[in-house]
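So you can see what is in the structure, the chains are spelled out below.
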Amino acid sequence: IANSRDKLRALQILSRHDIGIPHTVFVRQKDDVIPAIERIGGAPVIVKLLEGTQGVGVILAETVKVAESIIETLQSANQNVLIQRFVSESAGKDLRAFVVGDRVVGAMRRVAKSGEFRSNVHRGGSAEAVDLDDEQRRTAVSAAQILGLRVAGVDMLEGKDGPQVMEVNSSPGLEGIEGATQLDIAGEIVDYMAGQVDFPEIDIRQRMTESAGYGVVEVGILEESDLVGRTIEASGLRDRDIVVITLTRGTTVISNPKGTRTLEPLDRLLCYGKLDQMRSLVSNRRGRRQPSLQPLITDVPSQAIDGNQKEA
Ligand SMILES: Nc1ncnc2c1ncn2[C@@H]1O[C@H](COP(=O)(O)OP(=O)(O)O)[C@@H](O)[C@H]1O
Ligand SMILES: [Mg+2]
């Protein structure tokens, strides 16, 4: 939940997955401003306060000069700012998808009052029910899942190359969406929660390390690895008491991969098994230049976001 409260962090996490986000750069000091603006394709740009809400901390800077002076002012007041590509094709409107579980249960388009690019209702915008297309729906659900949210309000701009996630709210209000869509969103949440009773929350890491010597690790497959070109079945992993839980290939995550799946260079395998076996899996073959063995990653290191993977 803290993830989505912090705009920067949510965008950082989403940028590592195949989710469209507006190209965004975090600026620390004045000297960063011009290169940052260049990196996102030049002015006009959106300048955002990290902690802003209801559109208050969102400014459209028409020129580099204006952006520079706004940022300088904000930084002198010790405010952290983001610079974001102005998704001009979506100016004055955005989408709110209300995600419950793995579904969008309702969506609205918010349209700004005239002369305003911010579509926040608090800035005079109005909302109407909208039917999302498949890509928008998929993007909203994925964004919520990646951030670990079972109920979320996912705000997207309608970019020319598809939806661009701006913000993911972990405690979205119901009034606006229920008013616009005439749907019983609260009822959807209650039904979903009731359905979850069969799947009580468990601490996976704790459960999986309960038996001594077992654990979860992520194994990266290097190009020269013996495992390349073999199926999971033929890899010998199961014989060593190692189960592959997920296979990550690029930005795609394959859960419970079938034994017939062939391993490719740069695949990452999330494995459960005996730690010493998994250690030997990495160190036995050709010394140190082997698949890297890392502890289960539950968090991503923070670093500058490099915008929209779809644009790369
Ligand atoms: N990169 C952008 N391009 C175009 N419009 C934007 C962009 N970022 C924000 N907006 C507009 O400004 C509004 C407020 O921005 P948002 O990031 O949601 O701030 P807040 O958290 O204050 O609502 C959005 O609803 C959208 O209409
Ligand atoms: Mg908003």
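For the structure itself, look to the data block above.
Residues numbered from 1 in each chain as written. Chains lettered and ligands numbered in written order. Predicted model: local features only at pLDDT ≥ 70, side-chain atom pairs only at ≥ 80, totals over all residues. Heavy atoms only, no water.

A. Representation of the overall build of the chain within the structure. On a plain count of helices and strands, the chain comes out with nine helices and 14 strands. Counting all 312 residues of the chain, 45% fall into the buried class. Nonlocal contacts in the chain, meaning residues at least 24 apart in sequence, comprise 67% of its contacts between residues at least 6 apart. In the form shown here, the chain has an accessible surface area of approximately 16500 Å², with 48% of it arising from carbon and sulfur atoms. (Helix = DSSP H or I, 4+ residues; strand = E, 2+ residues; numbered from the N terminus. Buried < 20%, exposed > 50% of the residue type's maximum accessible area, 1.4 Å probe, protein only. Contact = heavy atoms within 4.5 Å. Areas by Shrake-Rupley, 256 points an atom, 1.4 Å probe, with all protein chains shown as cover.)

B. Geometry of the packing of aromatic side chains. This structure, assessed with the given rule, holds two aromatic pairs. Each ring, one from tyrosine 214 and one from tyrosine 272, has its centre 5.8 Å from the other, and the planes form 35 degrees; the classification is tilted. Residue tyrosine 214 is found in strand E10 (residues 214-220), and its partner tyrosine 272 is found in strand E13 (residues 268-274); the two are separated by 58 residues along the sequence. (Phe/Tyr/Trp six-rings, centres within 6.5 Å; stacked < 30°, edge-to-face > 60°.)

C. Fine view of the sheet that holds strand E9 (residues 162-169). What the five strands build is an open sheet, ordered E7-E6-E5-E8-E9; its pairing is antiparallel. Each edge of the open sheet carries a strand with a single partner, namely strand E7 (126-129) and E9. Averaged over all adjacent pairs, the angle separating strand axes in this sheet is 30 degrees, with direction ignored. Relative to E9, strand E8 (residues 151-159) is paired through seven bridges, and the arrangement is antiparallel. Each residue of the ladder has a partner; that of glycine 153, found in E9, is asparagine 169. (Pairing = 2+ DSSP bridges. Axes fitted to C-alpha atoms, helices over the stretch in contact; angles between N-to-C directions.)

D. Just the side chain of glutamate 116, in detail. Looking at the element boundaries, glutamate 116 is found in the loop between strand E6 (103-111) and E7. For glutamate 116, a relative accessible area of 17% puts it in the buried group. Of note is the side chain of glutamate 116, whose polar atom sits 2.7 Å from the side chain of arginine 118. Among residues more than four places away in sequence, those in contact with glutamate 116 are Gly92 and Arg123. (Polar contact = N/O pair within 3.5 Å; in protein donor to acceptor, adjacent residues only side chain to side chain.)

E. Highlighting the site of ligand 1. In the vicinity of ligand 1 lie 20 residues, with Lys7, Lys48, Gly55, Ser119 and Asn120 positioned nearest. In the environment of ligand 1, an oxygen atom lies 2.6 Å from a nitrogen or oxygen atom belonging to the side chain of lysine 48. Residue asparagine 120 places a side-chain N or O atom 2.8 Å away from an oxygen atom belonging to ligand 1. When ligand 1 is considered free in solution it has 540 Å² of accessible area, and contact with the protein chains removes 97% of it. If you list the elements that add at least two residues to the shell around ligand 1, you get strand E2 (45-49), strand E4 (81-85) and E9. Residues of the shell around ligand 1, tallied by class, amount to seven nonpolar, seven polar and six charged. For the shell around ligand 1, the two domains that each supply at least three residues are domain 1 (1-20 + 89-201) and domain 2 (23-86). (Near = heavy atom within 4 Å. Nonpolar A, V, L, I, M, F, W, Y, C, P; charged D, E, K, R; others polar. Domains from an automatic or database assignment.)

F. The pattern of salt bridges, seen in detail. Per the counting criterion, the structure on display carries 14 salt bridges. For glutamate 158, the salt bridge goes to lysine 93, with nearest N and O atoms at 3.7 Å. Taken together, the residues span a long stretch of sequence, with glutamate 158 in strand E8 and lysine 93 in strand E5 (residues 93-100) at a distance of 65 residues. Between arginine 109 and glutamate 158 there is a salt bridge, with its nearest N and O atoms 3.0 Å apart. Note that arginine 109 is positioned in strand E6 and glutamate 158 in strand E8, a separation of 49 residues in sequence. (Salt bridge = Lys/Arg side-chain N within 4 Å of Asp/Glu carboxyl O.)

G. Spotlight on the side chain of glutamate 158. By relative accessible area, glutamate 158 is classed as buried at 16%. A polar side-chain atom of glutamate 158 sits 3.0 Å from a polar atom in the side chain of arginine 109. When neighbours within four sequence positions are excluded, glutamate 158 is seen to be in contact with Glu89, Ser90, Lys93, Leu95, Arg109 and Gln136.

H. Highlighting the sheet that holds E4. Strand order in the open sheet made by the four strands is E1-E4-E2-E3, with antiparallel pairing throughout. Each edge of the open sheet is held by one strand with a lone partner, namely strand E1 (24-27) and strand E3 (58-61). Each strand axis lies, on average, 25 degrees off the axis of its neighbour in the sheet, ignoring direction. One ladder, built from four bridges, connects E1 with E4; its direction is antiparallel.

I. Representation of the nonpolar core in the model. Core analysis: the largest hydrophobic core is formed by 28 residues, its most contacted members being Leu14, Val104, Leu132, Val154, Met156, Val165 and Val168. Only helix H2 (7-15), E5, E6, helix H5 (134-146), E8 and E9 provide two or more residues apiece to this core. Residues lining this core come from more than one domain, with at least three contributed by each of domain 1 (1-20 + 89-201) and domain 2 (23-86). Discounting residues that sit within four places of it in the chain, leucine 14 has contacts with Ile19, Ile21, Ala143, Ile146, Leu147, Val165 and Val168. Counting 16 residues, the second largest nonpolar core, distinct from the first, contains Ile37, Val45, Ala67 and Ile71. (Core = buried A, V, L, I, M, F, W, Y, C linked by side-chain atoms within 4.5 Å.)

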